[in-house]
Amino acid sequence: MKRSPFLGLALLCMAAPAFAAERGFTANDLVMLARVGEPQLAPDGKAVAYQMRETDYAANKGRNGLWLVAASGKSAPLRLTEPALNATSPRWSADGRSLFFLAPKDDVMQVWRLDVGAALAAAQRTGKSVMQDGFDAARSGAAPVTVFPLDVNNFKLSPDGKKLVVSLDVYTDCKDLACTKQRLDEAAASKMSGRLYDRIFVRHWDTWADGRRSQLFAIDLDAAGKAGSKLTLLSRGIDGDVPSKPFGDDSEYAFSPDCKTVYFDVRIAGTSEPWSTNFDVYSAPVDGSAAPKNLTAANKAWDAYPVPSHDGRTLYYLAMKRPGFEADRFGIMALDLASGQTRELDPQWDRSAGSLKLSADGKTLFATADDDGEHPLFAIDVANGKVRKVIGEGNVNAYDLVGDTLVFGRDTLTAPSDLYLARTSGGKPRRLTDVNATRLAGIAMGGYEFFDFKGWNDERVQGYVVRPWNYQKGRKYPVAFIIHGGPQGAMSNDFHYRWNPQTYAGQGFAVVTINFHGSTGYGQAFTDSISGDWGGKPLEDLKKGYAAALAKYDFLDADRACALGASYGGYMVYWIAGNWPQPWKCLIDHDGVFDSRMMAYSTEELWFDEWEHQGTQYEKPEAYERHNPINHVADWRVPMLVIHGEKDFRIPYEQGLAAFTALQRRGIPSEFLVFPDENHWVLKPQNSVKWHETVNAWLKRWTDPSGG
């Protein structure tokens with residue numbers, strides 16, 4: 001589909017009240033936006049429960065609450081929980097009378113239950129039925145249903161409503177939860193701070209290992225809140241995290257239709273965990289009568305996200321084929337539970353599927369996937385593997401379905417996420433929420449356009465341009481050239497909360513970005529092509545894409561342009577500094593790889609580096625040096641801002657500090673912004689504003705017509 005330069009702006013204008021545009025979008029606007037997620041359709045399809053995060057800027061954090069909106073869209077959304085409760089993860093009971101969710105009780109995360117009927121009755125009594133009003137736990141009938149001494153990470157209800165499965169972090173040699181709690185308390189009280197390790201993976205993402213594992217437990221729902229109630233360990237003997245860390249959730253485990261079995265995926269740890277992507281799907285009886293059984297042991301790559309068929313005979317799941325490659329294509333698999341035979345449903349579909357949901361009639365699986373700059377929702381025919389696009393434009397960030405009714409969250413380059421209702425059979429979606437209408441009143445977004453060009457080997461490559469919010473024909477604008485991370489990722493038609501093009505367009509910059517070889521959504525061969533060639537094909541694509549953008553869009557000022565990126569994008573900024581410095585007035589690097597050699601020994605997920613460089617550093621030193629930015633520091637000359645988080649264990653902050661040292665030693669104008677309390681991302685609202693203010697000041701300094 002051809003996308004107009006003004007398509008995004010038109011969508012925004014249609015979706016919001018008609019306010020006169022007065023200014024561009026800013027970082028302050030970004031951090032204060034409400035974020036909707038976790039849409040859950042009631043069993044009868046008549047209501048949607050969802051989670052919404054609102055920013056408490058003074059407290060420097062987000063606060064979550066639960067909301068309810070009628071599927072008819074004829075009434076305003078109703079707040080079910082106050083932000084102070086910080087409720088997340090709404091899940092309907094089987095009978096639709098209650099909502100279960102996560103919230104802290106005495107600073108320990110528990111599963112709660114809310115009587116929806118009581119909440120609605122309270123709304124009628126008090127008249128508080130509009131968006132800004134809410135109900136405390138007492139008035140809504142909300143109360144905790146678990147009393148564990150440890151935090152509940154996530155949970156799932158059985159289809160019959162009688163069982164609850166929870167994930168808890170425990171010491172696996174402890175016989176009960178009290179043992180784990182006692183050890184944690186003793187460690188907190190101790191004046192000795194040393195930690196002794198006998199195997200690597202000592203830290204992951206932003207957390208040091210303390211010996212605990214996320215494990216699955218089952219409990220009778222009626223007994224969950226009673227002292228001494230029986231808690232059954234389902235992942236018995238499993239040395240691994242269920243779900244996976246740091247971002248795993250309840251999509252990694254599922255009940256069988258008869259509620260007698262739980263399926264889950266896990267990577268066995270041992271000594272190989274840091275370089276293994278070998279997840280397997282296991283089955284375990286809910287009563288704990290047998291140890292878990294590995295159902296996918298034959299595949300040494302990634303198997304995950306189990307979804308049982310309604311008759312219980314087939315288990316659907318996602319699987320990769322190449323061990324050690326985290327960006328391999330996820331194919332959709334069907335496992336016959338009686339025979340153990342597997343088949344791939346969609347071998348002809350050259351996209352990598354996201355987690356699955358099954359239609360009511362069992363004939364269709366639904367999944368999202370990156371696709372040509374979008375992230376749509378697809379329907380896959382179980383019988384023949386044919387794929388149909390259900391929801392196209394934009395980023396489908398979450399969805400749920402009951403019968404033929406589909407609710408989904410969608411965002412685009414010009415609009416943050418809202419909820420929509422549609423039919424799985426097709427038709428135009430109907431909007432259910434407009435949660436940021438007031439916050440976006442009077443703000444103009446920059447229009448966008450995707451474009452194609454011939455990149456490496458004359459193959460088709462895609463990029464997009466975002467106009468400044470105050471665009472006028474005939475004027476030229478400075479350029480922010482954004483390079484995405486991953487590297488197996490993409491800059492797509494979505495509303496990002498860290499790298500959002502509108503924050504630059506709102507400052508009067510035009511944005512150009514390229515989905516170079518290695519990006520997702522253009523076929524697996526395209527994604528594969530970057531491995532072993534980080535500084536080759538992608539750099540050629542970036543050069544050709546930037547030239548194509550300059551030739552196509554006369555409002556881009558080639559004499560006032562800066563390049564910026566994070567993670568792999570940060571690596572590329574360091575690589576550009578020594579290999580393509582000519583066009584740039586300045587560079588900005590966030591959490592980038594400066595020295596590939598040291599990265600191989602200091603990062604935590606070794607499988608990534610070892611796949612990308614086709615071996616370990618000591619086996620293939622030449623592969624790590626081939627495109628190592630540190631080897632080209634003598635050619636650096638462009639002013640650079642370096643940013644890093646001290647809690648970034650993916651690309652440790654010494655990489656940024658070393659690059660800043662190189663810049664200062666060379667006498668190149670440079671600054672170093674470090675966040676002691678941030679990881680690979682900058683998440684705290686006030687830190688995000690500081691990040692954007694520093695980046696924007698650097699861009700403006702070096703693209704100022706007077707010369708900076």
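Residues numbered from 1 in each chain as written. Predicted model: local features only at pLDDT ≥ 70, side-chain atom pairs only at ≥ 80, totals over all residues. Heavy atoms only, no water.

1. Here's the deal with the overall build of the chain
Quick reminder of the rule: Secondary structure counts use DSSP, requiring at least four H or I residues in a row for a helix and at least two E residues in a row for a strand, with both numbered from the N terminus. Atoms counted for the radius of gyration: C-alpha only. Globule rule: 2.2 Å times the number of residues to the power 0.38. Relative accessibility under 20% of the residue-type maximum defines a buried residue, over 50% an exposed one, and the middle range a partly exposed one, all with a 1.4 Å probe and only protein chains included. Any pair of residues with heavy atoms lying within 4.5 Å of one another is described as a contacting pair.
If you tally the helices and strands in the chain, you get 14 helices and 40 strands. For 708 residues, the compact-globule estimate of 2.2 N^0.38 gives 27 Å, and the chain sits close to it at 26 Å. Taken along its principal axes, the extent of the C-alpha atoms in the chain is 70 × 60 × 60 Å. Across the 708 residues in the chain, those meeting the buried criterion constitute 57%. Considering only contacts within the chain whose residues lie at least 6 apart along the sequence, 61% involve residues at least 24 apart.

2. Some points on the state of the cysteines
Chemically, a disulfide is nothing more than a covalent bond linking the sulfur atoms of two cysteines. Note the following rule: In what follows, a disulfide is any cysteine sulfur pair within 2.5 Å.
Applying the stated criterion across every chain, the model contains two disulfides. Paired through a disulfide, Cys174 and Cys179 show a sulfur-sulfur distance of 2.0 Å. Negative torsions about the S-S bond denote left-handed disulfides, and the value of about -55° found for Cys174 with Cys179 makes this one left-handed. By relative accessible area, which is 13% here, Cys174 ends up buried.

3. Quick look at helix 9 (residues 568–579)
A turn of α-helix holds 3.6 residues, and therefore any two residues three or four places apart point the same way. Just so we agree on the cut-off: Given the number of residues in a helix, its expected span is that number minus one, multiplied by 1.5 Å.
With twelve residues, helix 9 should cover 16 Å at 1.5 Å per step; its first-to-last C-alpha distance of 16 Å lies within 8% of that length. Burial analysis of helix 9 places eleven of its twelve residues in the buried class, the great majority of the element. Of the positions making up helix 9, those classed as buried are Tyr568, Gly569, Gly570, Tyr571, Met572, Val573, Tyr574, Trp575, Ile576, Ala577 and Gly578.

4. Quick notes on the environment of Thr207
Within the element layout of this structure, Thr207 appears in strand 13 (residues 207–208). Looking at Thr207, the relative accessible area reads 45%, which means it is partly exposed. It is 43 Å that separates the C-alpha atoms of Thr207 and Asp559, two residues lying 352 residues apart in sequence. Beyond its immediate stretch of four places on either side in the chain, Thr207 contacts Val202 and Phe649.

5. Some details on the sheet that holds strand 30 (residues 415–423)
Two strands in a sheet stick together by hydrogen bonds in their backbones, pointing the same way (parallel) or opposite ways (antiparallel). Note the following rule: Paired strands, in this sense, are two strands between which DSSP finds at least two bridges. Between N-to-C directions, angles span 0 to 180 degrees; the directions come from axes that are lines fitted to C-alpha atoms, helices contributing only their stretch in contact.
Reading across the sheet, the four strands line up as 28-29-30-31 and stay open at both edges, with antiparallel pairing between neighbours. Edge positions in the open sheet fall to strand 28 (395–402) and strand 31 (426–431), since each of these has one partner strand only. Pairs of neighbouring strands in the sheet enclose a mean axial angle of 25°, with direction left out of account. Where strand 30 and strand 31 come together, three bridges link them in antiparallel fashion. Looking at the pairing, Leu421 lines up with Arg430 of strand 31.

6. Some remarks on the environment of Asn515
Selection criterion: Side-chain atoms alone can form a polar contact between residues adjacent in sequence; in general such a contact is a pair of N or O atoms within 3.5 Å, and within protein one must be able to donate a hydrogen while the other accepts it.
Mapped onto the secondary structure, Asn515 falls in strand 36 (residues 510–515). Not counting chain neighbours up to four residues away, the residues in contact with Asn515 comprise Val461, Gln462, Gly463, His484, Ala490, Met491, Tyr522 and Phe526. A polar contact of 2.9 Å, which involves the side chain of Asn515, links it to the backbone nitrogen of Met491.

7. A closer look at the nonpolar core
Quick note on the threshold: To form a nonpolar core, buried Ala, Val, Leu, Ile, Met, Phe, Trp, Tyr and Cys residues must be joined to one another through side-chain atoms within 4.5 Å.
Of all hydrophobic cores here, the largest spans 52 residues; its most connected members are Phe481, Ile514, Met572, Trp584, Leu587 and Trp636. Here the element with the most residues in this core is helix 9; it accounts for eight residues. Leaving out residues up to four positions away in the same chain, Trp636 has contacts with Tyr574, Ala577, Gly578, Phe594, Pro629, Ala659, Ala662, Leu663, Arg666 and Ile668. Tyr448, Ala505, Cys562 and Trp702 belong to the second largest nonpolar core, which has 28 residues in total.

8. Points about the sheet that holds strand 20 (residues 303–308)
Pairing in this open sheet of four strands is antiparallel, and the strands run 20-21-22-23 from one edge to the other. Single-partner strands in this sheet number two, and they are strand 20 and strand 23 (342–344). Strand-to-strand twist in this sheet, taken as the mean axis angle between neighbours without regard to direction, amounts to 25°. Sheet topology places strand 21 (residues 314–319) next to strand 22 (residues 331–336); six bridges connect them, and they run antiparallel. In the sheet register, Tyr317 faces strand 22, and the bridge partner there is Met333.

9. A short note on a nonpolar patch on the surface
Here is the rule we go by: Each patch is built from residues lacking any salt bridge and having more than 30% relative accessible area; the joining distance is 9 Å for like charges and 5 Å for nonpolar side chains (Val, Leu, Ile, Met, Phe, Trp, Tyr). Under the convention used here, a 1.4 Å probe and the Shrake-Rupley method define accessible areas, while residue burial counts only the protein chains that appear. In the sections that follow, a salt bridge refers to a side-chain nitrogen of Lys or Arg positioned within 4 Å of a carboxyl oxygen of Asp or Glu.
Nonpolar side chains collect at one region of the surface, where Met598, Tyr601 and Tyr618 lie side by side and expose about 390 Å² of accessible area between them. Exposure remark for Tyr601: the relative accessible area of 49% places this residue in the partly exposed category.

10. A word on the packing of helix 8 (residues 537–552) against helix 9
Condition: Should an angle fall under 35 degrees it is taken as roughly parallel, and over 145 as roughly antiparallel, whereas 65 to 115 is taken as roughly perpendicular and any remaining angle as oblique. All residues other than Ala, Val, Leu, Ile, Met, Phe, Trp, Tyr, Cys, Pro, Asp, Glu, Lys and Arg, Gly among them, are scored as polar; the first ten of these are nonpolar and the last four charged.
As a packed pair, helix 8 and helix 9 sit with axes 11 Å apart at the nearest point and diverge in direction by 75°. For the element pair helix 8 / helix 9, the angle class is roughly perpendicular. Listed contacts from helix 9 to Pro538, Leu539, Leu542 and Lys543 of helix 8 are Tyr568, Met572, Trp575, Ile576 and Asn579. Class assignment for the residues of the contact of helix 8 with helix 9 results in seven nonpolar, one polar and one charged.

11. Describing the confidence of the model for the chain
This is how the line gets drawn: As a per-residue measure, pLDDT reflects the predictor's confidence and takes values from 0 up to 100.
Per-residue pLDDT for the chain has a mean of 93; in total, 94% of the residues score no lower than 70. In the model, residues 129–135 has pLDDT below 50 throughout and makes 26 contacts with residues more than four positions away in sequence or in other chains.

12. Here's the deal with the packing of aromatic side chains
Going by this rule: Side-chain rings of Phe, Tyr and Trp (the six-membered ring for Trp) are treated as a pair once their centres are within 6.5 Å; stacked means planes under 30 degrees apart, edge-to-face means over 60, and tilted covers the remaining angles. Charges are assigned to positions over rings by a cutoff of 6 Å between ring centre and Lys NZ or Arg CZ, combined with an angular limit of 35 degrees from the ring normal.
As enumerated under the stated definition, the model contains 43 aromatic pairs in all. Considering the side-chain rings of Phe516 and Tyr568, the 5.6 Å spacing of their centres and the 45° angle between planes classify their relative orientation as tilted. Of this pair, Phe516 sits in the loop between strand 36 and helix 7 (524–528) while Tyr568 sits in helix 9, placing them 52 residues apart in sequence. Take Phe516 and Tyr568: they sit in the same class, and that class is buried. Seen in terms of ring centroids, Tyr546 and Trp584 are 4.9 Å apart; in terms of plane orientation they differ by 40°. Their pairing is tilted. Pair noted here: Tyr546 is in helix 8 and Trp584 is in the loop between helix 9 and strand 38 (586–590), with a separation of 38 residues, a long-range link. This pair shows no difference in class: Tyr546 is buried, exactly as Trp584 is. Taken together, the aromatic side chains of Phe451, Phe453, Tyr471, Tyr477, Tyr553 and Phe555 make up a single cluster linked through ring pairs. Residue placement shows Arg35 over the ring face of Tyr497; its charged tip is 3.8 Å from the ring centre.

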